[in-house]
Amino acid sequence: MRRRVIALAGAFQAAALAKDIALNGRADEAALKASIASIDSIDSASIETVYGGVAGVRLGLAALLEHFTAQRRDMDHLRCVMTLLQLSKKLTADPDLCQRLRDGVEAAKVHALDPASSEDARMSRLGELYLNTISTLTPRVVVHGNPLYLQQARFVSRVRAVLLAGVRAAVLWHQVGGSRLQLLFKGRVMAMTARALLAEIDA
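As a starting point, this report considers the structure included with it. Note that the coordinates shown come from a computational prediction; the quantities given were computed from them, not determined experimentally. (Residues numbered from 1 in each chain as written. Predicted model: local features only at pLDDT ≥ 70, side-chain atom pairs only at ≥ 80, totals over all residues. Heavy atoms only, no water.)

**What about the overall build of the protein?**
Logical step 1: Helix and strand counts for the protein come out as 11 helices and zero strands.
Logical step 2: In terms of C-alpha radius of gyration, the protein reaches 16 Å, essentially the compact-globule figure of 17 Å for 203 residues.
Logical step 3: For the protein, the C-alpha atoms occupy an extent of roughly 45 × 35 × 35 Å along the three principal directions.
Logical step 4: Across the 203 residues of the protein, 47% fall into the buried class.
Logical step 5: Here the analysis covers contacts within the protein between residues at least 6 apart in sequence; of these, 81% occur between residues at least 24 apart.
Logical step 6: Accessible area of the protein: about 10400 Å², with a carbon and sulfur share of 52%.
Logical step 7: Between the averaged position of the 26 positive side-chain charges in the protein and that of its 19 negative side-chain charges there is a distance of 8 Å. (Helix = DSSP H or I, 4+ residues; strand = E, 2+ residues; numbered from the N terminus. Rg over C-alpha atoms; globule rule 2.2 N^0.38 Å. Buried < 20%, exposed > 50% of the residue type's maximum accessible area, 1.4 Å probe, protein only. Contact = heavy atoms within 4.5 Å. Areas by Shrake-Rupley, 256 points an atom, 1.4 Å probe, with all protein chains shown as cover. Lys, Arg positive; Asp, Glu negative; His and termini not counted. Charge placed at Lys NZ, Arg CZ, Asp CG, Glu CD.)

If you want it as C-alpha cells, here you go:
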C-alpha cells in the first residue's frame, strides 16, 4: 500500500499544484520542483526515488489525507485526479504516443542542461509536450482558475507541465496495482498510510 499511496499522492499533488497556479499564479516551490523532476525519472529504481524521497510528495500526501477524511470533499480536485488516472491508461495503451512522450522528455532534459536555459523555458517545453501528447487524448483535464493567469502563456505552460507530472504519477499508480476500486473502497487504509508517511517525513 505504501507504494500505491506515494504514487497516488503524486497525482493529488499535481492536481493541487495546477489549481494553485491557475488561481494564484504561484505554488509550493518544493512540491513543484519534486513533481517536475519526477517527469525525468523514467527508469527510477523505486517510486520514492522518483520524487527524491517521500518528502517530495508531502503536499500530495496532505491533499490525499484531506480528501479521504474531510466531511466535504473538493470535487474539482478529485475530478482532476480521476481524469489523470484515465489518461494514463490510454497513454500506456498507445505505444507510439508513449514513445513520442519519452522522446520529448529526453529532449527536454538535454535542453535543461544548457546553462542558458531558464526555468520558464523548461516549463514551456514540458507544457508544449503535454499539449502535443496527452492533450490529444480524451477526456481533457479541466482546470478552473483566474483568467488573469490562464490568459498568460507562462502560467498555462506551468499548469500543463504539472499535469504532465500528474500523468507520470498516475502511470506509476497503475504499475503498482492501483485501481479505481481501491479509490472507492480503500480510502480509510490509504488515509492511514498517508498519515503514517507524513509522520515519517516529520520524524
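**What to know about the nonpolar core**
Logical step 1: Grouped together as the largest cluster of nonpolar side chains are 68 residues, with contacts concentrated most on Leu61 and Leu64.
Logical step 2: Broken down by element, the residue count for this core peaks at 13 residues, all from helix α9 (residues 153-175).
Logical step 3: Ignoring anything within four residues of it in the chain, the contact list for leucine 64 reads Val5, Leu8, Ala9, Phe12, Met190 and Ala194. (Core = buried A, V, L, I, M, F, W, Y, C linked by side-chain atoms within 4.5 Å.)

**Description of the pattern of salt bridges**
Logical step 1: Inspection of every chain in the model, using the stated rule, returns 10 salt bridges.
Logical step 2: One salt bridge in this structure joins arginine 58 and aspartate 202, with 2.9 Å as the shortest N-O distance. Of this pair, arginine 58 sits in helix α4 (residues 58-69) while aspartate 202 sits in helix α11 (residues 187-202); the two residues are 144 residues apart in sequence, bridging distant segments of the chain.
Logical step 3: Residue classification places aspartate 202 among the exposed positions, given a relative accessible area of 53%.
Logical step 4: Across the salt bridge formed by glutamate 106 and lysine 109, the nearest N and O atoms sit 3.9 Å from each other. One end of the pair is glutamate 106 and the other is lysine 109, both in helix α6 (residues 95-112) and three residues apart, which spans about a single turn.
Logical step 5: By relative accessible area, which is 36% here, glutamate 106 ends up partly exposed.
Logical step 6: Overlapping salt bridges, with partners in common, bring together Glu119, Asp120, Arg154 and Arg158 in one network. (Salt bridge = Lys/Arg side-chain N within 4 Å of Asp/Glu carboxyl O.)

**A closer look at the packing of helix α1 (residues 2-24) against helix α5 (residues 75-92)**
Logical step 1: Contact pair α1 / α5: the axes reach a minimum separation of 9 Å and the direction vectors enclose 125 degrees. When the interaxial angle is binned, α1 and α5 end up oblique. Crossing of α1 over α5 shows right-handed handedness. From α1, Leu8, Ala11, Phe12, Ala15 and Ala16 reach across to α5, where they touch His77, Cys80, Val81 and Leu84.
Logical step 2: Tallied by class, the residues present in the contact of α1 with α5 amount to eight nonpolar, one polar and no charged. (Axes fitted to C-alpha atoms, helices over the stretch in contact; angles between N-to-C directions. Parallel < 35°, antiparallel > 145°, perpendicular 65-115°, else oblique. Left-handed = near helix turned anticlockwise from the far one by under 90°. Nonpolar A, V, L, I, M, F, W, Y, C, P; charged D, E, K, R; others polar.)

**Section: helix α2 (residues 29-40)**
Logical step 1: An ideal rise of 1.5 Å per residue puts 16 Å on 12 residues; α2 measures up with 17 Å between its terminal C-alpha atoms.
Logical step 2: Within the span of α2, buried status applies to Ala31, Leu32, Ala34, Ser35, Ile36, Ser38 and Ile39.
Logical step 3: Residues of α2 that are buried in the fold lie against α1, α3 (47-50), α4, α6, α7 (119-132) and α9.
Logical step 4: The N-terminus of α2 is capped by aspartate 28, whose side-chain oxygen sits 3.1 Å from the backbone nitrogen of alanine 30. (Expected span 1.5 Å × (residues − 1). Polar contact = N/O pair within 3.5 Å; in protein donor to acceptor, adjacent residues only side chain to side chain.)

**Considerations on unusual backbone geometry**
Logical step 1: Omega for the peptide link from threonine 138 to proline 139 comes to 0 degrees, which places this bond in the cis form.
Logical step 2: Residue placement: proline 139 occurs in the loop between α7 and α8 (147-150).

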